[in-house]
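# Structural description and commentary
Here are the chains, one letter per residue:
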Amino acid sequence: MSQSPLYIGFDLSTQQLKGLVVNSDLKVVYIAKFDFDADSTGFPIKKGVLTNEAEHEVFAPVALWLQAMDTVLDSLRKQGLDFSRVKGISGAGQQHGSVYWGDEAETLLHNLDSSKSLQDQLPAAFSHPYSPNWQDSSTQKECDEFDAILGSQENLAQATGSKAHHRFTGPQILRFTRKHPEVYKKTARISLVSSFIASLFLGHIAPFDISDVCGMNLWNIKKGAYDDQILKLCSGKFEVEGLKQKLGDVPEDGGLHLGSVHSYYIKRYGFSPDCTVIPATGDNPATILALPLRPSDAMVSLGTSTTFLMSTPSYMPDPATHFFNHPTTAGLYMFMLCYKNGGLAREYVRDAINESLRDTPAQPWANFDKIAVETSPLGQKNQADLMKMGLFFPRPEIVPNLPSGQWRFTYNAETGDLQETTAGWTAPNDEARAIVESQFLSLRLRSRGLTSSPGNGLPAQPRRVYLVGGGSKNQAIAKIAGEILGGVEGVYKLDIGDNACALGAAYKAVWGMERQPGQTFENLIGQRWQEEQFIEKIADGYQKGVFEQYGKAVEGFEKMENHVIQQVLSKGLETV
Ligand code: XUL
């Protein structure tokens, strides 16, 4: 058996912990999973979390993650992994979650006893047994204070990459100082889920990752430092210096060697003493590391909700979007759009179509797809027709901030006239194309300033569009995605199942350990990535004429959103 090096990427997400092992050629050689609901014992969790509905709190027991780590390491051993070959470890953590360590944490981590499990030894290291989860929405008051501290949401977004969000760690910490002041006082350090993973392997508390720190509303991205005014707010009635110590420094290099794996892992699992811990990052930043994503490439995750990720040299924050430092490459940023709606909205239309046809096809999307593809773009049979467009939100939306609802319009691209009307709409058939268009027009609207012309006189657009997640199998969606977003090289399906975050983390470890001085992640991974194994072109991207027509529709779409926002504001409807 070859002794070539191996690398582990852990993905600590909401519902499971995964450990995925790759070799230097990026080939996956082992995977172990621990499903929190199905495999854990002793935690009354549901979908990985506990809730306190009265206060809109969602949180996870940290000891559950220790049990998961013990089991995943055991499972890798049982599968035959020779841990002595593992040269690097990194991870991906659900973003925004925070872990509160007590005074004894460093000592307990340092003195880990290899005859015992992590779960046996570390629960006493935490000042608080729970980690607030990204689904928590208990921090409205704190978000209002964060949004106001620099004068406006726009200013907060300019400084930290995002306006205040319930789930972001800064507002969560401020609420923690108020709800648990005694515990906060006893808290020596605060980790993100990502730096918690690194801390377990280092045997002392690891610093925050340069990308994941941007999910806190505390880090001034342009200055490359915490924002003093915001930290002051976040420390509540406590000393700001105390908070600074709890947060710690943030190294800039995402491939930094944080240190060797703690002797606990050497003795208990046979890790090599030169196995090195590389900063773990957030799950979304790790996702863009699952392939050598180039600036101007876009990734669209079509799950229950839609997420759009791009690597870009431009920093153009806006309250509706997120910017993070790129997890590996200084000078680049990760742009993210995180919708609440997505798959569910498409499924409602799919079901309405099947019902209207009194059909239950073996392939439930067959009718939806056929109708969506047969309908002409924007429902225009010819250029003189009005464009049909709408918003379809079965759940309250945050991009933009609107309550649940459906709104249908017609738009005259020549005169700019926009009318809220269902006249001319044939429901539900016209909605098949309209709903997919609505979702992709929103992506184009919000990412259009970040793309540039690929040359040859072509308009600004992504180079490639990669689709991931459940909806990426759908050819009709892929076709419409290409027509709206463009993509000079086309639309691709990225076939890595649900392993994107763990793969990205493992690749980060490969890069951290094997890079030549100055070699970027994109360069190293690009040289080794066998794209034919992972991606398949499923639709054309840029199509002259259609792309430009959708460009006009984006103007109408923006007008439509603003119209609905004004309407909602004037009616005083509650948003999220
Ligand atoms: C991103 C976010 C979620 C979590 C999921 O801002 O809150 O995508 O990272 O784990």
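Residues numbered from 1 in each chain as written. Predicted model: local features only at pLDDT ≥ 70, side-chain atom pairs only at ≥ 80, totals over all residues. Heavy atoms only, no water.

So, on to the overall build of the protein chain. Scanning the protein chain for helices and strands turns up 21 helices and 26 strands. Its C-alpha radius of gyration of 24 Å places the protein chain within 12% of the 25 Å reference for a compact globule of 576 residues. The principal-axis extent of the C-alpha atoms belonging to the protein chain is close to 75 × 60 × 50 Å. Taken over 576 residues, the protein chain has a buried fraction of 60%. Considering only contacts in the protein chain between residues 6 or more positions apart, those separated by 24 or more positions represent 72%. Just so you have it, the protein chain exposes about 22300 Å², and 49% of that area is on carbon and sulfur atoms. (Helix = DSSP H or I, 4+ residues; strand = E, 2+ residues; numbered from the N terminus. Rg over C-alpha atoms; globule rule 2.2 N^0.38 Å. Buried < 20%, exposed > 50% of the residue type's maximum accessible area, 1.4 Å probe, protein only. Contact = heavy atoms within 4.5 Å. Areas by Shrake-Rupley, 256 points an atom, 1.4 Å probe, with all protein chains shown as cover.)

What follows is about the site of the ligand. Close contacts around the ligand come from Q94, Q95, H96, W134, R167, D283, N284, M336 and C338, and that covers them all. At 2.6 Å from an oxygen atom of the ligand is found a side-chain nitrogen or oxygen belonging to H96. In the model, an oxygen atom of the ligand is placed 2.4 Å from a nitrogen or oxygen of the D283 side chain. Protein contact buries 90% of the 290 Å² of open area that the ligand shows by itself. The set of elements that each furnish at least two residues to the shell around the ligand consists of α13 (283-287) and β18 (333-338). A per-class count over the shell around the ligand returns three nonpolar, four polar and two charged. (Near = heavy atom within 4 Å. Polar contact = N/O pair within 3.5 Å; in protein donor to acceptor, adjacent residues only side chain to side chain. Nonpolar A, V, L, I, M, F, W, Y, C, P; charged D, E, K, R; others polar.)

We now examine the packing of aromatic side chains. Evaluation of the coordinates by the stated rule reveals 25 aromatic pairs. Here W511 and F521 contribute two aromatic rings whose centre-to-centre distance is 6.1 Å and whose plane-to-plane angle is 75°, an arrangement assigned as edge-to-face. Taken together, the residues W511 in helix α18 (residues 500-514) and F521 in helix α19 (residues 521-528) connect sequence positions ten residues apart. Judged by its relative accessible area of 1%, F521 is buried. Here the aromatic rings of W529 and F534 are separated by 5.5 Å at their centres, their planes lie at 10°, and the arrangement is stacked. (Phe/Tyr/Trp six-rings, centres within 6.5 Å; stacked < 30°, edge-to-face > 60°.)

Pairing is mixed in the open sheet, where seven strands are placed in the order β17-β18-β16-β15-β24-β25-β26. Among the strands making up the open sheet, the edge pair consists of β17 (322-325) and β26 (535-539). Going across the sheet, the axis of each strand differs from the next one's by a mean of 25°, ignoring polarity. As judged from the six bridges shared by strand β16 (residues 306-312) and β18, these two strands associate in the antiparallel manner. The residue of β18 that forms the bridge with S311 is M334. Of the strands in this sheet, β15 (298-302), β16 and β18 are in contact with helix α16 (residues 429-447), which crosses β18 at around 145°. Here helix α17 (residues 475-485) sits on the sheet and contacts β15, β16, β24 (464-468), β25 (490-494) and β26; the angle it forms with β26, its principal contact strand, is near 75°. (Pairing = 2+ DSSP bridges. Axes fitted to C-alpha atoms, helices over the stretch in contact; angles between N-to-C directions.)

Let's shift gears to unusual backbone geometry. In this structure, P400 follows V399 across a cis peptide bond, with omega equal to -5°. Of note, P400 is situated in the loop between β20 (397-398) and β21 (401-402). Cis peptide bonds are those with omega within 30 degrees of zero, and the linkage from A427 to P428 qualifies with 0°. Its location among the elements puts P428 in the loop between β23 (417-420) and α16.

For the rest of this paragraph, the subject is the pattern of salt bridges. Evaluated as defined, the whole model comprises 33 salt bridges. The salt bridge partner of E142 is R178, with a shortest N-O separation of 3.1 Å. Here the residue E142 occupies a position in helix α5 (residues 140-149), and R178 occupies one in helix α7 (residues 169-179), the gap between them amounting to 36 residues. By relative accessible area, R178 is classed as partly exposed at 38%. Residues participating in the shared-partner salt-bridge network are D297, R463, R464, E489 and E531. (Salt bridge = Lys/Arg side-chain N within 4 Å of Asp/Glu carboxyl O.)

Between helix α14 (residues 343-356) and helix α15 (residues 366-374), the least distance of the axes is 8 Å, while the angle of their chain directions is 95°. One finds that α14 runs roughly perpendicular with respect to α15. Contacts between α14 and α15 involve R346, V349, R350, I353 and N354 on the former and, on the latter, N367, F368 and I371. Its residues assigned to classes, the contact of α14 with α15 shows four nonpolar, two polar and two charged. (Parallel < 35°, antiparallel > 145°, perpendicular 65-115°, else oblique.)

Of the pockets and cavities examined, the second largest pocket occupies roughly 280 Å³. Considering the residues around the second largest pocket, the lining is formed by 17 residues, among which I210, E252, N325, A330 and G331 are closest to the centre. When its residues are assigned to classes, the lining of the second largest pocket shows seven nonpolar, seven polar and three charged. (1 Å grid on protein atoms, 1.4 Å probe; cavity = no way out; pocket = protein on both sides within 12 Å on 5 of 7 lines; lining within 4 Å. Points joined across faces, edges and corners; volume = space filled by probe spheres on them.)

Looking now at the pairing of β15. Taking burial as the measure, the five residues of β15 include four buried ones, the bulk of the element. Pairing geometry for β15 and β16, over five bridges, is antiparallel. For V300, the partnering residue across the bridge sits in β16 and is F308. What sits between β15 and β16 in their antiparallel hairpin is a turn of three residues. Sheet topology places β15 next to β24; four bridges connect them, and they run parallel. Its bridge partner lying in β24, S301 is registered against V468.

Turning our attention to the side chain of Q380. Along the polypeptide, Q380 turns up in the loop between α15 and β19 (387-393). A residue is classified by how much of its surface remains accessible, and Q380, at 9% relative accessible area, is buried. Discounting chain neighbours no more than four positions away, the residues touching Q380 are D385, L386, M387 and Q549.

Below, the discussion takes up the sheet that holds β19. Strand order in the open sheet formed by three strands is β19-β22-β23, with antiparallel pairing between adjacent strands. Both outer strands of the open sheet, β19 and β23, are each paired with one neighbouring strand and no more. With strand direction ignored, the average angle separating the axes of adjacent strands in the sheet is 25°. Running over the sheet, α16 touches β19 and β22 (405-412) and is turned about 75° from β19.

Where α18 meets α19, the axes come as close as 10 Å, and the angle between the chain directions of the two elements is 110°. In terms of orientation, α18 lies roughly perpendicular with respect to α19. Only F521, L524, I525 and R528 of α19 make contact with α18, whose side of the interface consists of Y507, K508, V510, W511 and E514. Counted by class, the contact of α18 with α19 contains six nonpolar, no polar and three charged residues.

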